Amino acid sequence: MTWFTKWALRNKAALAFSVIASMIFGIFSYTTIPMELMPSADQPYVTISVVGNGIDAVSMDEQVTQPIEKAINGVKGKQNVVAQTGNNFTQLTVTFESSIDVKEAKQQIQERISMVNLPNGVMKPYVVNLNTSEIPIVELGLTFDKEIGNNELNIVENEIMPMFQDLKGVGNVIVNGGKNQQVIIKVDPAKLAAAQFPLEKLYTLLQGKNASVAMGEQTLNNEATNIIVTGKLESLDELKNIQLNSNTKLQDVAEISMQKDTESITHLNGKQFIDVVIQKDSTSNAVTLGKQVEETVKKINNDYKGTLQATIVMNLADTVLDSINSMTREVLTGALFATLIIWLFLRSFRMTLITIVSIPLSLCITMILLSFFGVTLNILTLGGIAVSVGRLVDDSIVVVENIYRRRNNNELTPAFLVEAVKEVGAAITSSTLTTVAVFLPMLIVSGGLRDIVAPFAITITCSLLSSLLVSLTVVPALSARMMAKVKVKEHKQNSFYPSLLKWSLNHKWLPITIAVLVVAGSVGLFVSMPKGSVDQKDSAYIAISLRYQNGTPFSEMQEGVAKMESILSEKEGVKTHITIAGVNEDAAQYGNLQAANEVRIMVFPEEGTDSAKFVKDIRKTKDQFPRAELTADTAGLMGTNKTTVSVDVIGKNDDDIKKAADIVKEKIGNIDGVEKVESNDQNTKPTITIQVDSKVANAQEISQAINAMIQPAVIGNIKMDGRTTAVKLGALKEIQTADDLKNLQLITPNGPVALSSIAKVEESKQQGTIFTKDGHHYLQVTAQVIPDKMVDVAGKIQKQLVTWSNDNTFAKGTSAELTGSSMQSSDQLGELAKLAMFSIGIVFMILLVTLKSFRASIAILISLPLAAIGSLLGLVITHSSINISSGIGMLMLVGIVVTNAIVLVDRIRQNEERMGIREAILEAGTVRLRPILMTALATVFAMLPLLFAHESAMSLNLVSKGLAVVVIFGLIVSTLLTLIVIPTFYELFHFRKAKKQRLQANQVTGTLDQ
């Protein structure tokens, strides 16, 4: 490592230029690196959404869900397939193993589904994989003064959309809501019969009026010419005036009108609206794009005043900027605290300046490297800088302190500086490499967790290696110039620590006992502590749901929507609210379908609104919705703030599944930590089955005849206001009761007959929603759990599931398994545990290579359990749980705490070349005490701002209070114990040699006395 120092001292001009260039390019990189909230990460699942208009749940299950399930059976890496099928829709979620490339899996699924023959009326399936980079930067709503018709849609498509699409950095602009109007032809059967015009002929006539038929190719005028026959209808008047026969026009036998969608609702603040979602491309800056969109919205509202109003519902650019500014403040505050600690120890402005130069310079080099590696500036990369800022000065502290201590009357010549750096070079290099070695394995974590933590690990690795380079080059060069005028002050030797260390070495049983008790206490504390998921306390919006019984008339749901929107309009603290009800085909493209009997409302509160109180107030209004189940929860970027444990009950018999689900629901409701238990057991829906007598009639023909009479049928399209508009032939007969259906008159070859005379019409109850998992029917029981007890509750449920399985609590063929976010939390903690073990192995290997001593390496690793007890005690004191954030903090400790031990042991081994082990330990302890305390306190105080930082509702909180607690408390306790326990174990591991040296020393002393 001295090569870097020699080069720096010989090439001071080049070094100065490198420093200036690094600062300039570092600042430039900071301003040009794309800013976003989260790094790009694929979710480990794919959703398949299908809409089938007018198809009941049972038919959708048999004709759509099951064929798709069979088609994707052979997809590589598939863990399970969960499907929810209801009236008019089905949605399947395919979960994959963490090692699978989800993009390739999605492609496989699309290819397999394209081969499935789906029934008429079923739209093409949407296959969606959510990536964090696809999270909308801006979502806005367009509301009109008039009803949204074709003219309004034309304005949006032809004028508004291009304004957003042309913005620099836009990746995609998605528009949904405001469906085309449709033309309804409602035929009067009596008038049609009087005109002596058969219904079948009317179908053919209307379909043929709007057609384009290729007649092939003919040679005309010696040229091959295509012949096409077309017919187009361009207005309602043309449609009304279609001549049926010489005396009758279509308008004489039918009522023709324009009609809007009556099966779904999309409202913004109570008004019908068009939703516009803007996504950025992979290289653009979220903040810049957000500002551009805001300016465009102002222009739209100015140019289209009186026609439409554009309202920004959500702008992540503001969140990104706030998060980055907040984290930047924490970095700067941490750097200031670290500087104060260094100044208090060194009591010299010049020496402090030499030391802290490594912070801005290392950060600038880090920014250049992040730009080179294509890493964006987000909450996690800045979090990586925040947690490493204290560690950036560690190497420089050790170098500066060693130069200062050795200086005495020596001149600051290049040879002296090289020798001073050489003395600590191996220690700071190995300590930095061990810390880096802890974070680099994060790149091999499987699945979505890797995509999240990899930028964090890369940032810390770049910053630490940069700080090592600075400490070996810039710090010695600055010391040569700035330390020349610094007067060497005689520091008063601390007598307490050397005396304590000597006493401990003479009474090894006490430090060893303490170490054993600490390890045992750590294990016991870890077992007894709550383990859970990150608790998302803040709220980006409030999610409200109204779930009605299957079969509820849409008009009743509309009344419920109007009532809830009225409640929200009168409440304080509401900025905007969006309402979506019914099966919305547009939502399928996001993989976000909902059942026809469900209403979802997103409420965006004004800043300063107490979201928790707001939710409680909304829940109190449930009595105003007696026919619906009302739920309200705070929500963040990744959905509602619920920590849940789910149990899937699978079987072959629906009754057995329901009984087993009821047992599970009852039992887990009594577990400590469970707040609420519910299941997805949906109520049934009234169904009428028409069983045709095959001797009398053909079931296919009868179904077509019934469908033509009671359901509107699409018969073609016409151009209305420049838009292709569907034309539907309205129902010929209004059906109100089952008797109306039985008495329905159908035309047969033998004349008109009642349906009841040729078919058996039966009323029954069928499932309104069908849930399947891997092709088997199932029910899911979900327990809402206190966040910090997530893993504990999951463990207790798992034990009960094993018990129930062994004592045949469930019927034969029925089983239950643990799923959901609890499994994800356990899996992620398991991944981090494996990573920690792997990192410890790498650290041990680096120690063996650098120290070339097995016993010395083992002595250093003893510092790890000493850190564990500190971090666990910190979590207990701050009432925090073991979760992903604290898990990453514990992983960090593996690299950080060994740093002090390395600095101490390296000095001991240097001393052993010229003195005995006991003397080497005492001298090393005395000399290294100050740099060890300085580096530890600098890291601790640099992380204090993170401990009190506000946790954003839009982040995943992986770099948060839990991480800071673990590092701060773990480092404090391990540092204090390391100064006593590590030297004790080091001498213990060399007890024969140490004993022999002491005996020889006593003999020499005795001889001298004689």
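Up top is the structure.
In short, a report on the structure.

Reading guide: rules and limits
- Residues numbered from 1 in each chain as written.
- Predicted model: local features only at pLDDT ≥ 70, side-chain atom pairs only at ≥ 80, totals over all residues.
- Heavy atoms only, no water.
- Helix = DSSP H or I, 4+ residues; strand = E, 2+ residues; numbered from the N terminus.
- Buried < 20%, exposed > 50% of the residue type's maximum accessible area, 1.4 Å probe, protein only.
- Contact = heavy atoms within 4.5 Å.
- Areas by Shrake-Rupley, 256 points an atom, 1.4 Å probe, with all protein chains shown as cover.
- Phe/Tyr/Trp six-rings, centres within 6.5 Å; stacked < 30°, edge-to-face > 60°.
- Arc of directions from axis to C-beta.
- Polar contact = N/O pair within 3.5 Å; in protein donor to acceptor, adjacent residues only side chain to side chain.
- 1 Å grid on protein atoms, 1.4 Å probe; cavity = no way out; pocket = protein on both sides within 12 Å on 5 of 7 lines; lining within 4 Å.
- Points joined across faces, edges and corners; volume = space filled by probe spheres on them.
- Nonpolar A, V, L, I, M, F, W, Y, C, P; charged D, E, K, R; others polar.
- Pairing = 2+ DSSP bridges.
- Axes fitted to C-alpha atoms, helices over the stretch in contact; angles between N-to-C directions.
- Parallel < 35°, antiparallel > 145°, perpendicular 65-115°, else oblique.
- Left-handed = near helix turned anticlockwise from the far one by under 90°.
- Core = buried A, V, L, I, M, F, W, Y, C linked by side-chain atoms within 4.5 Å.

So, about the overall build of the chain. Helix and strand counts for the chain stand at 33 helices and 31 strands. Buried residues in the chain amount to 52% of all 1010 residues. A sequence separation of at least 24 residues applies to 80% of the contacts in the chain between residues at least 6 apart. Total accessible area computed for the chain in this model is approximately 46,800 Å², and 54% of it derives from carbon and sulfur atoms.

Scanning all chains against the criterion turns up six aromatic pairs. The interplanar angle of 70° and the centroid separation of 5.5 Å between the aromatic rings of F372 and F373 together place this pair among those described as edge-to-face. Considering the side-chain rings of Y541 and F604, the 5.8 Å spacing of their centres and the 40° angle between planes classify their relative orientation as tilted. Here F604 lies in strand β18 (residues 598-605) and Y541 lies in strand β16 (residues 541-548), a separation of 63 residues in the sequence.

What follows deals with helix α21 (residues 611-619). For α21, the complete set of buried residues consists of S611, F614, V615 and I618. Take α21 and look down its axis: the buried residues cluster within an arc of 100°, on one side only. Here the buried face of α21 lies against β16, α20 (554-570), β17 (574-581), β18 and β19 (628-636). In this structure D610 caps α21, since a side-chain oxygen of it lies 3.2 Å from the backbone nitrogen of A612.

Further remarks concern the side chain of K280. Mapping K280 onto the fold places it in strand β14 (residues 271-280). On the basis of relative accessible area, K280 is assigned to the buried category, the value being 10%. In this structure, K280 is in contact with M35, E36, I137, G169, V170, G171, N285, A286 and L289, ignoring residues within four places of it in sequence.

Tallied over the entire structure, the rule returns six cavities of 30 Å³ or more. In this structure, the largest cavity spans a volume of roughly 110 Å³. Residue composition of the lining of the largest cavity, by class: seven nonpolar, two polar and two charged.

Right, let's talk about the pairing of β19 for a bit. Counted residue by residue, β19 has eight buried out of nine residues, so it is predominantly covered. In terms of strand pairing, β16 meets β19 through eight bridges, oriented antiparallel. Its bridge partner being in β19, I544 is matched across the sheet by A632.

Mapping T984 onto the fold places it in helix α32 (residues 961-989). Linking T984 and L510, residues 474 residues apart in sequence, is a C-alpha distance of 9.8 Å. The residues touching T984, leaving out its near neighbours within four places in the chain, are S504, L505, K508, P511 and I512.

The geometry of helix α1 (residues 2-10) relative to helix α16 (residues 414-439) is characterised by a closest axis approach of 10 Å and an angle of 155° between their N-to-C directions. Overall, the two elements α1 and α16 adopt an arrangement that is roughly antiparallel. The interaxial crossing formed by α1 with α16 has right-handed handedness. On α16, the residues touching T2, T5, K6 and L9 of α1 are P414, L417, V418, V421 and K422.

A word on the nonpolar core. L140, L142, F164, V293, M442, F456 and L963 are the most contacted members of the largest nonpolar core, which has 164 residues in total. Sorting elements by how many residues they give to this core places helix α30 (residues 884-911) first, with 15 residues. I668, V674, A783 and M790 belong to the second largest nonpolar core, which has 26 residues in total.

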